[in-house]
Amino acid sequence: MILPIYLYGEPVLRKEAEEVPEDYPNLKELAENMFQTMEKANGVGLAAPQVGLALRMFVVDGNGLAEDYPECLGVRRCMINPEVVEESKETNVKDEGCLSIPGVYEGVKRPDWIVINYLDENLVEHEERLEGFAARMVLHEYDHLDGKMFIDRVSPLRKPFIKNKLQAILKGKNHPDYKHCALR
Ligand code: NI
């Protein structure tokens, strides 16, 4: 089932999300719906707050990026109650976008690699090291669980340039062609 994607301005995107309880009903179905919703919108990641649920889970699929970023090949994951346990001091800057903030793409500084602990959609625990753009995708989604968005991490010099685009989304302009939910 395709879920509506909540756009910039919706309060749920700024909430601290809650841990997913182990007895959460239809968890696998929710994960499947999130994968479908992400794919339909041509995204590489989608966090539960982006579909209106303040829950600590997200999906990513880097396979479509593997030509440019080979480290993303095969990185299709549902991560529940994730915890970043280690991250590199070394960082890199690459452009990011977000299905909740259509039309905005800006450089964001992120660690070169991370180690992350999480439960998959079958509630099996994993600890995994991810590098490069795979680490970036996961950290972008991880931020959503704390009510953060990539625009918060954009350099102050760039902020004036995105302000108008954000205002437009709030005013109901430049909305995407995928199913969405917005203030206006
Ligand atoms: Ni996002």
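Summarised in this report is the structure supplied together with it. The structure presented is a predicted model; accordingly, all values stated were derived computationally and were not measured.

Turning our attention to the pairing of strand 4 (residues 76-87). For strand 3 (residues 57-61) and strand 4, the ladder comprises five bridges, and the chain directions are antiparallel. Across the sheet, the residue bridging to M57 is I80, located in strand 4.

Those donors, C98 (SG), H140 (NE2) and H144 (NE2), are the protein atoms that reach the nickel ion, and they lie 2.1 to 2.2 Å from it. Between the donor residues of the nickel ion, the gaps in sequence give the motif C-x41-H-x3-H. Here C98, found in the loop between strand 5 (91-96) and strand 6 (106-111), pairs with H140, found in helix 2 (residues 132-145); they are 42 residues apart in sequence, far enough to count as distant. A residue is classified by how much of its surface remains accessible, and H140, at 8% relative accessible area, is buried.

Here we take up the packing of aromatic side chains. If you walk through the whole model with that rule in mind, you get one aromatic pair. Between Y69 and F133, the ring centres sit 4.4 Å apart and the planes meet at 25 degrees, which makes this aromatic pair stacked. Separated by 64 residues along the polypeptide, Y69 in the loop between strand 3 and strand 4 and F133 in helix 2 bring together distant segments of the chain. When its relative accessible area of 21% is taken as the criterion, Y69 is described as partly exposed. Its guanidinium or amino end placed over the ring of F161, R158 lies 4.6 Å from that ring's centre, counting from NZ or CZ.

Turning our eyes to something else, we now look at the nonpolar core. Soluble globular proteins tend to bury their nonpolar side chains together. Core analysis: the largest hydrophobic core is formed by 21 residues, its most contacted members being M34, L46, M57, V59, C78 and I80. When residues of this core are traced back to their parent elements, those giving at least two are helix 1 (27-40), strand 3 and strand 4. Looking at this core, the element that brings in the most residues is helix 1, giving six residues. Discounting chain neighbours no more than four positions away, the residues touching L46 are I5, M34, T37, M38, V51, F58, V59, L99 and E141. If you look at the next biggest cluster of nonpolar residues, it comprises 19 residues, including I114, I116, A134 and L139.

Once that is clear, we can look at helix 1. Taking 1.5 Å of rise per residue, the 14 residues of helix 1 would be expected to cover 20 Å, and the 20 Å separating its terminal C-alpha atoms lies within 8% of that figure. Buried residues of helix 1: L27, L30, A31, N33, M34, F35, T37 and M38, and no others. Contacts made by the buried residues of helix 1 are with strand 1 (5-6), strand 2 (45-47), strand 3 and strand 4.

Moving on: the layout of surface pockets. Space inside the largest pocket adds up to approximately 430 Å³. V44, E96, G97, C98 and Y105 are the residues nearest the centre of the largest pocket, which is lined by 24 residues in total. Among the secondary structure elements, those contributing two or more residues to the lining of the largest pocket are strand 5 and helix 2. In terms of residue count, the dominant contributor to the lining of the largest pocket is helix 2 (six residues). Looking at the lining of the largest pocket residue by residue, the class counts come to 12 nonpolar, eight polar and four charged. The computed volume of the second largest pocket comes to approximately 160 Å³. Together, V84, E87, K109, R110, P111, L139, Y142, D143 and R153 line the second largest pocket. Of all the elements in the fold, those that place two or more residues in the lining of the second largest pocket are strand 4, strand 6 and helix 2. Of the residues in the lining of the second largest pocket, the class split is four nonpolar, no polar and five charged.

Scoring rules and cut-offs
Each chain has its residues counted from 1, running along the sequence as written. Totals for whole chains, interfaces and linings use every residue, but because this is a predicted model, local features are given only for residues with pLDDT of at least 70 and side-chain atom pairs only at 80 or more, for both listing and counting. Excluded from the side-chain calculation are hydrogens and water; included are all heavy atoms of the structure. Note on pairing: DSSP must find at least two bridges between two strands before they are called paired. Only DSSP runs of H or I covering at least 4 residues are called helices, and only runs of E covering at least 2 are called strands; the numbering of each starts at the N terminus. Note: metal donors comprise N, O and S atoms at 2.8 Å or less from the metal (3.2 Å for Na, K and Ca); water molecules are not included, so apparent gaps in a site are possible. Categorising residues by exposure relies on relative accessible area from a 1.4 Å probe, with only protein chains included: less than 20% of the type maximum marks a residue as buried, more than 50% marks it as exposed, and the intermediate range marks it as partly exposed. Stacked, tilted and edge-to-face are the three classes applied to pairs of Phe, Tyr and Trp rings, where Trp contributes its six-membered ring and a pair requires centres within 6.5 Å; stacked means planes under 30 degrees apart, edge-to-face means over 60, and tilted covers the rest. By definition, being over a ring means that NZ of Lys or CZ of Arg is both within 6 Å of the ring centre and within 35 degrees of the ring normal. Among buried residues, the Ala, Val, Leu, Ile, Met, Phe, Trp, Tyr and Cys ones that are joined through side-chain atoms within 4.5 Å form a nonpolar core. Throughout, a contact is declared for two residues whenever any of their heavy atoms are within 4.5 Å. Between the first and last residue of a helix there are one fewer steps than residues, each counted as 1.5 Å, and that sum is the expected span. Each cavity reported here is a set of points on a 1 Å grid over the protein atoms alone in which a 1.4 Å probe fits but cannot get out, each pocket an open set with protein on both sides within 12 Å along at least five of seven lines, and each lining residue one with an atom within 4 Å of a point. Grid points are joined across faces, edges and corners, and a volume is the space filled by probe spheres set on the points. For this classification, Asp, Glu, Lys and Arg are treated as charged, while Ala, Val, Leu, Ile, Met, Phe, Trp, Tyr, Cys and Pro are nonpolar and the rest, including Gly, are polar.

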